[in-house]
Structures are given as C-alpha cells and as structure tokens.
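Summary of structural features
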Amino acid sequence: MINDLIQFLPKNPLLQSISILGILCLLSAIGYGITVKIIIKLITKMFSKTSTQLDDILVKRKIFNYLAYMVPALIFYNFAGAAPQFTAIIQRISLCLMALSGILIINSFLNALGDIYQKTKFSERLNIKSYLQISKLIINVLGIIIVISILLEKDPTILLSGLGAMTAVLMLIFKDTILSLVASMQISSNDLFKIGDW
C-alpha cells in the first residue's frame, strides 16, 4: 500500500522517508484507535456478560490495553523498509516498544493471577504476594536488559555477565532486606503462623 503512495511523495530521499514516517504514524494511530475503541471494547462487553470473574479481572488489570501497544510497533516494524533513511532506528524502537509492552503485559498478568488467587480458599493458607513480586522483579530486570541490548545492538549475554558483578554488590548492600524477604517467604510457605494464633 505504501509503495503505491511513493509515486505521490517528494523525490528527495530524505523528504520521502520523512513523509513515509508521517504516513506510518497516521496508520499506527488509526490501528491503535481501532484496537482500543472497537476491538477491546467488544471484548470487554463480551466478558462482562459471562458468569465467571476471571475474565473481568483480566480486563480490570488492562492486559488487553497493553496488548494494543503492539499494534503501532508491528506497523512500524513491518513497514520500516519503506523509509530507507530510518529503517534501522525504526526497527530498533519498534522492538523496544514490543519488549516494553511484553513487560507490561506479563506484570499485569501476574497481578491478575494474584487477584484470582486471592479469591480461592488457598489464599488463607499461603500468601503468594512475595513470589509474584520476585517474579516481576526478575522479569522487569530481564526486560530492561533486552531493551538496552536492542538499543545498543549488543548481545544480551554481555549485559547479563556485567549484571552478575553488579548483583554481588547489590546483595551486599541490600543483605538485610533480602534476608527479611526470604524469611517472610519461608513463614508463608511453611504456614508457621495462622490468623488467631495470638
């Protein structure tokens, strides 16, 4: 479709690439608008009519809204070749946006998982909040490393190796905090205390 429009754009390569960027921005805005205003609204309406609360929690945690961020990123990534002057940077930014969207989606899913778990009878015996927080911390750190590696065009394993030395320093600094967290997890998992013990 964009190739058909090129004949109407300026002949200067730089101006042509800038014009194509403008078209991609417009297409991305339209795609995002359709996804949020129509598709997600239909999904939300459909879920509101079901008897289960699981899908309502997914909507409440805005998982589908974060999925919508993928639409502009995919449009820019797939049509980046139409703007040769900016192809590499467009693809890198698009991949970063996809990675950040993925982080938000996973975090929201974990929050939804916590909400769902709180509605079960097992929540009275075992609190999984600490486990979810650790999972989110690991995912966020890995996600940030991936984003940085995309921007710098470096292998993520190189950044991870550097992170290993930093982790050792952080463990020394936050030793008491980590010990408290581990202790709270052990208390929760081993069910050492119950409501009404004192």
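Look a little higher up for the structure.
Residues numbered from 1 in each chain as written. Predicted model: local features only at pLDDT ≥ 70, side-chain atom pairs only at ≥ 80, totals over all residues. Heavy atoms only, no water.

**Thoughts on the packing of helix 5 (residues 70–78) against helix 6 (residues 87–118)**
For the pair helix 5 and helix 6, interaxial distance at closest approach is 9 Å and the crossing angle is 160 degrees. Of the possible angle classes, the one that applies to helix 5 and helix 6 is roughly antiparallel. Like other packed secondary-structure pairs, helix 5 and helix 6 cross with a definite hand, here left-handed. Here Met70, Ala73, Leu74, Phe76 and Tyr77 of helix 5 come into contact with helix 6, specifically with Ile90, Gln91, Ser94, Leu95, Leu97, Met98, Ser101, Gly102 and Ile105. Its residues assigned to classes, the contact of helix 5 with helix 6 comprises ten nonpolar, four polar and no charged. (Axes fitted to C-alpha atoms, helices over the stretch in contact; angles between N-to-C directions. Helix = DSSP H or I, 4+ residues; strand = E, 2+ residues; numbered from the N terminus. Parallel < 35°, antiparallel > 145°, perpendicular 65-115°, else oblique. Left-handed = near helix turned anticlockwise from the far one by under 90°. Contact = heavy atoms within 4.5 Å. Nonpolar A, V, L, I, M, F, W, Y, C, P; charged D, E, K, R; others polar.)

**Overview of the side chain of Ser149**
Note on placement: Ser149 falls in helix 7 (residues 129–152). Of note is the side chain of Ser149, whose polar atom sits 2.6 Å from the backbone oxygen of Ile146. (Polar contact = N/O pair within 3.5 Å; in protein donor to acceptor, adjacent residues only side chain to side chain.)

**Some words on the nonpolar core**
Among the nonpolar cores identified, the biggest contains ten residues, and these are Leu9, Ile20, Ile23, Leu24, Ile75, Phe76, Ala80, Ala82, Ala83 and Ile90. Breaking this core down by element, the ones donating at least two residues are helix 2 (13–48) and helix 5. Aside from chain neighbours lying at most four places away, what touches Ala83 is Ser17, Ile20 and Ile90. (Core = buried A, V, L, I, M, F, W, Y, C linked by side-chain atoms within 4.5 Å. Buried < 20%, exposed > 50% of the residue type's maximum accessible area, 1.4 Å probe, protein only.)

**Brief notes about the environment of Ala88**
Along the polypeptide, Ala88 turns up in helix 6. Counting along the chain gives eleven residues from Ala88 to Tyr77, while the straight-line C-alpha distance between them is 9.5 Å.

**Let's talk about the pattern of salt bridges**
By the definition in use, this model includes two salt bridges. Arg61 is the partner of Asp115 in a salt bridge, and the nearest nitrogen-oxygen pair spans 2.7 Å. Placement of the pair is Asp115 in helix 6 and Arg61 in the loop between helix 3 (54–60) and helix 4 (63–68), with a sequence separation of 54 residues. Classification of Arg61 by relative accessible area gives partly exposed; the value is 29%. With a closest N to O distance of 3.9 Å, Glu153 and Arg92 form a salt bridge. A residue pair is termed long-range when its members are at least 10 positions apart, and Glu153 in the loop between helix 7 and helix 8 (156–173) and Arg92 in helix 6 qualify at 61 residues. (Salt bridge = Lys/Arg side-chain N within 4 Å of Asp/Glu carboxyl O.)

Keep in mind these numbers describe shape, not what the thing actually does.
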